[in-house]
Amino acid sequence: MAGKRNPDVFDFTALKFEWPMPSFTNWSLAEREDRIEAKTVAGFQKMGTAMWSHAEKAFDEHMEFVSHRLHEDFECAKSLTQCVAPEQTLATLQDFYAKMATEYQEHFEQQAALFRDSFSQGAAAVEELNEAAMENVGELGKAAEETLADLKPARASTQPRASAAAKPKK
């Protein structure tokens with residue numbers, strides 16, 4: 001039985017399918033894809049750049065604040081060692097804590113303003129990405145319609161025509 005051939009279950013070479021192939025001469029799809037990719041990547045890059053620049057600015061401002069506050073803490077400790085009366089100590093501490101509370105409040109307001117600015121820029125970048133996505137959907141829809149229009153003549157020529165005798169009568 002060496003001459004007998006048992007085809008494999010997944011051997012589709014014996015079957016002849018005529019698949020309609022789109023014409024790949026339509027380079028407008030590639031151009032659209034390039035524009036879509038450029039818009040999308042630019043949007044994500046803008047978001048990333050804004051996020052990192054705001055994070056860097058917030059970190060720098062916070063480190064300056066911490067450095068300033070540490071210096072002020074040491075200055076307060078130094079001035080406390082020079083106090084000779086309890087009233088002097090109490091006045092020094094009251095001034096220190098009042099100034100500290102004011103500076104912390106200002107710092108947190110600056111950080112909140114920076115966060116709001118960052119959030120606003122991020123929301124604007126997301127809105128641009130959303131607009132780009134809507135444009136992309138439209139462009140891809142147009143490309144799909146053009147591809148289907150190219151395929152319709154190919155399908156019409158590959159489909160067998162039914163004869164009048166084969167049509168059932170009602």
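Residues numbered from 1 in each chain as written. Predicted model: local features only at pLDDT ≥ 70, side-chain atom pairs only at ≥ 80, totals over all residues. Heavy atoms only, no water.

Caption draft 1: Broad picture of the overall build of the chain. Tallying secondary structure elements over the chain gives 2 helices and 0 strands in all. The buried share of the chain, reckoned over its 170 residues, is 14%. By sequence separation, contacts in the chain at least 24 residues apart represent 83% of the contacts at least 6 residues apart. Surface summary for the chain: the accessible area is close to 14100 Å², and the carbon and sulfur share equals 62%. (Helix = DSSP H or I, 4+ residues; strand = E, 2+ residues; numbered from the N terminus. Buried < 20%, exposed > 50% of the residue type's maximum accessible area, 1.4 Å probe, protein only. Contact = heavy atoms within 4.5 Å. Areas by Shrake-Rupley, 256 points an atom, 1.4 Å probe, with all protein chains shown as cover.)

Caption draft 2: Examining the side chain of His-107 more closely. Mapped onto the elements of the fold, His-107 is located in helix H2 (residues 86–158). With sequence-adjacent residues up to four places away left out, His-107 is seen in contact with Glu-61, His-62 and Phe-65.

Caption draft 3: Layout of the pattern of salt bridges. With the rule as written, the count across this model stands at 5 salt bridges. With a shortest N-O distance of 2.2 Å, Glu-135 and Lys-39 are connected by a salt bridge. With Glu-135 in helix H2 and Lys-39 in helix H1 (residues 28–81), the pair connects residues that are 96 residues apart, well separated along the chain. Among the residues examined, Glu-135 registers a relative accessible area of 39% and is labelled partly exposed. On the basis of relative accessible area, Lys-39 is assigned to the partly exposed category, the value being 39%. Here Glu-103 makes a salt bridge to Arg-69, at a shortest N to O gap of 2.5 Å. (Salt bridge = Lys/Arg side-chain N within 4 Å of Asp/Glu carboxyl O.)

Caption draft 4: Spatial organisation of the packing of aromatic side chains. Going through the model one piece at a time under the given rule, you end up with 4 aromatic pairs. An angle of 65 degrees between the planes, with centres 5.2 Å apart, marks the rings of Phe-96 and Tyr-97 as edge-to-face. You can call Phe-96 buried: its relative accessible area is 13%. The class for Tyr-97 is partly exposed, based on a relative accessible area of 47%. (Phe/Tyr/Trp six-rings, centres within 6.5 Å; stacked < 30°, edge-to-face > 60°.)

Caption draft 5: Representation of the environment of Phe-115 within the structure. Structurally, the position occupied by Phe-115 is in helix H2. Its relative accessible area of 58% is what places Phe-115 among the exposed residues. Between the C-alpha atoms of Phe-115 and His-54, which are 61 residues apart in sequence, the distance is 7.9 Å.

Caption draft 6: Spotlight on a negative patch on the surface. A surface patch of negative charge is lined by Glu-31, Glu-33, Asp-34 and Glu-37. Along the chain, the position of Glu-33 falls in helix H1. (Patch = residues over 30% accessible without salt bridge, like charges linked within 9 Å, V, L, I, M, F, W, Y side chains within 5 Å. Lys, Arg positive; Asp, Glu negative; His and termini not counted. Charge placed at Lys NZ, Arg CZ, Asp CG, Glu CD.)

Caption draft 7: Focus on the state of the cysteines. Here the structure, examined in full by the defined rule, presents 0 disulfides. Free of any disulfide, Cys-76 has its nearest cysteine sulfur in Cys-83, 8.4 Å distant. (Disulfide = S-S within 2.5 Å.)

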